[in-house]
Structures are given as structure tokens and as C-alpha cells.
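Each chain, letter by letter, is given below.
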Amino acid sequence: MPDSHSQTAAALPTKIDTSVAHEARVYDYWLGGRDNYPADRALGDAIATHIPAIRTMARANRAFLGRAVDYLTREAGIDQFLDIGTGIPTAGNTHEVAQQLNPAARVVYVDNDPIVLAHARALMSSKPQGKTAFIHADLHDPVAILRDDTLRVTLDLDQPVAIMLVAIMMYFRDEDEPHDIIKNLLDVVPVGSYLVITHPTADFDEQAMAGVVAAAEQAGITFHPRSRAETETLFAGTELIEPGVVPVVTWHPEPGEDPADPESAWYWAGIGRKL
């Protein structure tokens, strides 16, 4: 664990406004966690009225993260991860999956929720051979992430890095220039690095997803689902790994676990290799 973390964390704001829903805590609620508040649960329940299977979908998205990290570590030989939009720690965090396969793997987590900061010690329970660290920052300002000393203390940016953007880009409207944000991240890592994205979509049920968008916006949270084609454009500058951008449950399922309903979770998912 980098020595600078405790100093950095101590200087960061830790005030938590429990009266306003937060994306990470709503997701925690769907996953059955305990680090959420009435406002988070109210929004989670409101969204569930439009998508009754939302908890199952959240778990499917989380399961993809594990499969993606497994693939990148085992098949692509990646041992460095920049996980942005980390969320509240739960089973199968990025460093746990990676270090199970390669104890020397290094992970930097990024999130803007003070509750995630409060759990940073749990996030950073690294294997002795590896490193983990946490940056309290917002992806709306990618430069702040890239300038943080913690990033370069923990990761070697001359070597390939996997950039994990799992269920986060829907919080950016087109006018927020999400393509530029991703390009800024890709520009600092070398060829052979990877980009991982999952993204909610209205492709499977436009009316239900419209209800989700309305509920989120009413709670003050931007929520912008994207089509398959729109999600594919987020991978600009990379070559998509087979099978490309596909329903999240169908991306490299575990052996013997081919999903009965490929559209049971309304996320597109993919991994691209930087060219």
C-alpha cells in the first residue's frame, strides 16, 4: 500500500449527505449491501418498479467484472488496473480477482463517494506482493485523476494497464464529452492496454428504461442509456476483443453457464485493446 494514501485520505472531505441518493449506494442496495440510506433505497425501489429484475441485472454486471478481470489477468497478461467508479466494496473486488491469479497485480481505485473513501482500507487489503490504492476523484475531471501522485506511485504507466469503466459512463450525457474523457485516459497508457466498459441500454425495453431515466433524473442523478452502436463508439482507439460489444451475460460466460436469456440484463459489455 503506498505510504501516501493515509495522508491523502486524511485531507479529503468525508462529509456524507445521506438525504440525497448516490449512485454507488443505490448499486450497493441492489447488491444486498448495508452501506445505503433511505434516499438511496427510495431511488433503488423506484427504479425497480420499472425494472423488477434490476437486482439480478446488477449482480450480472458485477459478475462480468470478475470475468473481465480474470480474462485480462489470465489471457492478456495484464497486472495493472485502473478501476474508475469503484463503488462500495463487495465480494469479488478487482484486486481480489486479479491477485488471486497474480499476487503481484496492482490496482488503483477511483470514486467520488465519501462512503467509498471510508471503506478504502477494505479496498486496499492487498496481497503483500502487489499494491492497491484509492483516489477520491470524479471522472468528470479525468485530468485530476491522471495528475494524482497515487496513480504513478502504484502503477507503471509505461506498461499496459486495464482501464475499468464498469457501469459508469451512463452518468455522462453526450454534452459531457464522454469520448474525450475516455481518450484522455487512453492517451496516458501504452499500446496493449485495455478498456473495459459496461453500459445500460434501452435497446431491450425502451419504455421501461425511460422510466428509469425519469426516476434517476428526479433524484438529481444523470442517467443516459446508450444503444449498442453508441456503446461501441466509446471504444474508439481500441480493437474490440471477441465477441465484441454484447449483452453482459453473454460476454465469456463461465463454462456450462450459457444464459438461457441473453437479454436478461440490460447492459452492453465489451473489452477493447488499445492500438
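Along every chain, residues carry numbers that run from 1 in the direction the sequence is written. Only residues with pLDDT of at least 70 are given local features in this predicted model, and only at 80 or more are side-chain atom pairs given and counted; all residues enter the totals for whole chains, interfaces and linings. To get the side-chain values, all heavy atoms of the structure are used, and hydrogens and water are removed first.

A.B. asks: Teacher, can you tell me more about the overall build of the protein here?
C.D. replies: Along the backbone of the protein there are 12 helices and 8 strands. In summary, the protein has a C-alpha radius of gyration of 18 Å against a globular reference of 19 Å for 275 residues, a match within 12%. Its C-alpha atoms give the protein principal-axis dimensions of roughly 45 × 45 × 35 Å. Exposure is judged per residue with a 1.4 Å probe applied to protein chains only, and the accessible area is read against the type maximum: over 50% gives exposed, under 20% gives buried, and values in between give partly exposed. Looking at the protein as a whole, 52% of its 275 residues qualify as buried. Counting contacts in the protein only where the partners sit at least 6 residues apart, residues at least 24 apart contribute 74% of the total. Of the accessible surface of the protein, which amounts to about 12,100 Å², a share of 49% is contributed by carbon and sulfur atoms. With 21 positive and 39 negative side-chain charges, the protein shows a separation of 6 Å between the mean positions of the two kinds. The helix and strand labels rest on DSSP assignments: H or I over at least four residues marks a helix, E over at least two residues marks a strand, and numbering proceeds from the N terminus. Each radius of gyration reported is based on C-alpha atoms, and the globular scaling rule is 2.2 Å times the count of residues to the power 0.38. It only takes one pair of heavy atoms within 4.5 Å for two residues to be counted as in contact. Calculation of accessible area relied on Shrake-Rupley with a 1.4 Å probe; when residues are assessed, cover is drawn exclusively from the protein chains displayed. Charge assignment in this entry is limited to Lys and Arg as positive and Asp and Glu as negative, and neither His nor the chain termini are counted. A single reference atom marks each charge: NZ on Lys, CZ on Arg, CG on Asp, CD on Glu.

A.B. asks: Explain the packing of helix α4 (residues 54-74) against helix α5 (residues 94-101) here, please?
C.D. replies: For any two helices packed against each other, one specifies the crossing angle of their axes together with the interaxial distance. Axis angles are defined between N-to-C directions and span 0 to 180 degrees, where every axis is a line fitted to C-alpha atoms and, for a helix, only to the segment in contact. Two numbers describe how α4 lies on α5: the axes approach to 9 Å, and their chain directions differ by 35°. As for the relative orientation of α4 and α5, their crossing is right-handed in sense. Contacts between α4 and α5 involve Leu-65, Gly-66, Val-69, Asp-70, Thr-73 and Arg-74 from the first element and Thr-94, Val-97, Ala-98 and Leu-101 from the second. Along the lines of polarity and charge, the residues of the contact of α4 with α5 split into 5 nonpolar, 3 polar and 2 charged. Note on convention: near helix rotated counterclockwise from far helix by under a right angle means a left-handed crossing. Clockwise means right-handed. Any residue that is not Ala, Val, Leu, Ile, Met, Phe, Trp, Tyr, Cys, Pro, Asp, Glu, Lys or Arg is counted as polar, Gly included; the first ten are nonpolar and the last four charged.

A.B. asks: Can you help me understand the nonpolar core in this one?
C.D. replies: If you look at soluble globular proteins, the nonpolar side chains tend to sit buried side by side. Remark: nonpolar core denotes a set of buried residues (Ala, Val, Leu, Ile, Met, Phe, Trp, Tyr, Cys) joined through side-chain atoms within 4.5 Å. The biggest cluster of nonpolar side chains holds 92 residues, and the ones touching the most others in it are Leu-72, Phe-81, Ile-84, Leu-139, Met-164, Leu-165 and Ile-271. Here this core gets 10 residues from one element, more than from any other, and that element is α4. In this structure, Ile-84 is in contact with Val-110, Leu-139, Ile-145, Met-164, Leu-165, Ile-168 and Leu-185, ignoring residues within four places of it in sequence.

A.B. asks: Sorry if this is basic, but what is going on with the pattern of salt bridges here?
C.D. replies: If charged atoms from side chains of opposite charge come close, those side chains can pair. The salt bridge criterion pairs a side-chain nitrogen of Lys or Arg with a carboxyl oxygen of Asp or Glu, the two atoms within 4 Å. Enumeration over the complete set of coordinates arrives at 8 salt bridges. Note that Asp-174 and Arg-226 form a salt bridge whose closest N and O atoms lie 3.0 Å from each other. Of this pair, Asp-174 sits in the loop between β4 (162-166) and α10 (178-187) while Arg-226 is found in the loop between α11 (206-218) and α12 (228-233), placing the two residues 52 residues apart along the sequence. For Asp-174, a relative accessible area of 45% puts it in the partly exposed group. The salt bridge involving Asp-187 is made with Lys-183; its shortest N-O contact spans 2.9 Å.

A.B. asks: What is the right way to read the packing of helix α3 (residues 38-50) against α11 from this model?
C.D. replies: Viewed as axis vectors pointing N to C, α3 and α11 meet at an angle of 160°, and their least axial separation amounts to 8 Å. The orientation of α3 relative to α11 falls into the category roughly antiparallel. Relative to α11, the crossing made by α3 is right-handed. Every residue of α11 that contacts α3 at Leu-43, Ala-46, Ile-47 and His-50 is listed here: Ala-208, Gly-211, Val-212, Ala-215 and Ala-216. Here the contact of α3 with α11 is built from residues that sort into 7 nonpolar, 2 polar and no charged. Here roughly perpendicular refers to angles of 65 to 115 degrees, roughly parallel to angles under 35, roughly antiparallel to angles over 145, and oblique to all remaining angles.

A.B. asks: Got a minute to help me understand the pairing of strand β2 (residues 106-111) in this structure?
C.D. replies: Look at any regular strand and the pattern is simple: side chains alternate between the two faces of the sheet. Buried residues dominate β2, accounting for 5 of its 6 residues. Note on pairing: DSSP must find at least two bridges between two strands before they are called paired. Sheet topology places strand β1 (residues 80-84) next to β2; 5 bridges connect them, and they run parallel. Among the inter-strand pairings, Gln-80 is bridged to a residue of β2, identified as Arg-106. Crossover β1 to β2 through α5 is right-handed. Two elements, β2 and strand β3 (residues 131-136), share 6 bridges in a ladder whose sense is parallel. Paired with Val-108 across the bridge in β3 is Ala-133. Seen with its strands pointing away from the viewer, a crossover is right-handed if its path from the first strand over the helix to the second goes clockwise.

A.B. asks: Looking at this model, I keep getting lost on the side chain of Arg-67. Mind explaining?
C.D. replies: Within the secondary structure, Arg-67 is located in helix α4. With no salt bridge to any partner, buried Arg-67 finds its closest opposite charge in Glu-254, at an N-O distance of 5.4 Å. Among the polar contacts made by the side chain of Arg-67, one reaches the main-chain carbonyl oxygen of His-252 at a distance of 3.1 Å. In this structure Arg-67 touches Val-248, Val-249, Trp-251, His-252, Pro-253 and Glu-254, once residues within four positions along its chain are discounted. Distance and chemistry together define a polar contact, namely a pair of N or O atoms within 3.5 Å, with one atom able to donate a hydrogen and the other to accept it when in protein, and with adjacent residues in sequence counting only for side-chain atoms on both sides.

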